[in-house]
Amino acid sequence: MRYTISPAFSYLQEALQSAINGFTTQGTDFVIGRRNAIKIFECNGINVNVKSFRVPNALNTIVYRFFRKSKARRSYDHATILLQKGIGTPAPIAYFENISAFGLKDSYYASEHLVPDLTFRELVEIPDYPEHEIILRQFTAFSFRLHQAGIEFKDHSPGNTLIIKNAPGQYSFYLVDLNRMNFHNAMSFDLRMENLKRLTPKQEMVAVMSSEYATLYTEKTEQEIFNTLWGKTAEFQRKFWRKRALKQKLKLK
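Not measured: the values here are computed from a predicted model.

A. Looking closely at the sheet that holds strand E2 (residues 28-32). Read from one edge of the open sheet, six strands run E1-E5-E6-E4-E3-E2, paired in antiparallel fashion. Across the chains shown, the open sheet's two edge strands, defined by having one partner strand only, are strand E1 (2-5) and E2. Adjacent strand axes in the sheet meet at a mean angle of 20°, parallel and antiparallel pairs treated alike. Direction of pairing for strand E3 (residues 37-43) relative to strand E4 (residues 46-54): antiparallel, over a ladder of seven bridges. Each bridged residue has a counterpart across the sheet, and for Lys39 the counterpart in E4 is Val50. The strands touched by helix H3 (residues 71-84) within the sheet are E1, E4, strand E5 (92-99) and strand E6 (104-112), with E5 carrying the most contacts at an inclination of about 160°.

Here it is, written out as structure tokens:
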């Protein structure tokens, strides 16, 4: 097992190694999926969020061992870059890679465990959520800062932004699920809108986001932003539901 621990958390080394070694039988289940699992471990008084990545096939075992950074390492590296650029994300603590002579077996990303007041998903599912428009506008401004920093968060979707209320009308935003990111010197208008298309299927939310984005991005009008973003959103939704319907049809056969 090879690993890197953030200097700020080096004192947790023994506790982290114990958590990784006992991952399957210890810790508190947080998210248990088919391929990945997240558990919470108490390490020297700190709640640590540990995500276990499973390498799905023999080819990727070799790719992640010799040619490409593992998902755990990318998550750690991307979190470090985000914080350097002033973008919120749970503090990166460590990554671990279980390797053999032939390839990567599995890997783990450890980060600070944050307990949010909500995620973006609540804004989509609960239209009368308190301070709904305030949060949506602040989230849009947060996304604009991402774009200005050249950060293309490829998993910019409803469950991947944690939102914490600091005071009435004041919110902070933290990105999670970080392994898929691109970093650019500058982002085109089209790429910016492409990056926002997965967040909500609701036209009224897209209208508010377009309004706020237009106050910050002066190269396009509010109407131009809305037309582009809604067009990309609608097309994404059509493809999403078409794919889901096809999967369901194949299941029934």
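Next, the rest of the story.
B. Quick look at the pattern of salt bridges. Enumeration over the complete set of coordinates arrives at 15 salt bridges. A salt bridge links Lys154 to Glu152; the shortest N-O distance between them is 3.6 Å. In this structure, Arg198 and Asp155 form a salt bridge, with 3.6 Å as the shortest nitrogen-oxygen distance. Taken together, the residues Arg198 in the loop between helix H6 (189-196) and helix H7 (203-216) and Asp155 in the loop between strand E8 (151-153) and strand E9 (161-167) connect sequence positions 43 residues apart. The class for Asp155 is buried, based on a relative accessible area of 10%.

C. The sheet that holds strand E10 (residues 170-175), seen in detail. Pairing within the open sheet is antiparallel, and its three strands lie in the order E7-E9-E10. The strands lining the two open edges of the sheet, one partner per strand, are strand E7 (118-119) and E10. Summarising the sheet, E9 and E10 pair through six bridges and their orientation is antiparallel. Bridge pairing in E10 links Ala167 to Gln170. Packing against the sheet, helix H5 (residues 132-148) makes contact with E7, E9 and E10, and its axis sits at approximately 45° to E10.

D. Structural view of the packing of aromatic side chains. Within this structure, the stated rule accounts for 12 aromatic pairs. A network of ring pairs unites the aromatic residues Phe120, Phe139, Phe142 and Phe173 as a single cluster. Seen from the ring of Phe23, Lys39 lies directly overhead, with NZ or CZ sitting 5.3 Å from the centre.

E. Local environment of the nonpolar core. Of all hydrophobic cores here, the largest spans 40 residues; its most connected members are Phe120 and Leu175. Put simply, the parts of the chain that give this core at least two residues each are H3, helix H4 (120-125), H5, E8, E10, H6, H7 and helix H8 (222-252). Aside from chain neighbours lying at most four places away, what touches Leu175 is Leu82, Ile87, Gly88, Thr89, Pro90, Phe142, Leu146, Phe153, His156, Asn160, Thr161 and Met181. Among the nonpolar cores identified, the runner-up in size contains 19 residues, and Leu16, Ala19, Phe41 and Ala110 belong to it.

Cut-offs applied
- Residues numbered from 1 in each chain as written.
- Predicted model: local features only at pLDDT ≥ 70, side-chain atom pairs only at ≥ 80, totals over all residues.
- Heavy atoms only, no water.
- Pairing = 2+ DSSP bridges.
- Helix = DSSP H or I, 4+ residues; strand = E, 2+ residues; numbered from the N terminus.
- Axes fitted to C-alpha atoms, helices over the stretch in contact; angles between N-to-C directions.
- Contact = heavy atoms within 4.5 Å.
- Salt bridge = Lys/Arg side-chain N within 4 Å of Asp/Glu carboxyl O.
- Buried < 20%, exposed > 50% of the residue type's maximum accessible area, 1.4 Å probe, protein only.
- Phe/Tyr/Trp six-rings, centres within 6.5 Å; stacked < 30°, edge-to-face > 60°.
- Lys NZ or Arg CZ within 6 Å of the ring centre and 35° of its normal.
- Core = buried A, V, L, I, M, F, W, Y, C linked by side-chain atoms within 4.5 Å.

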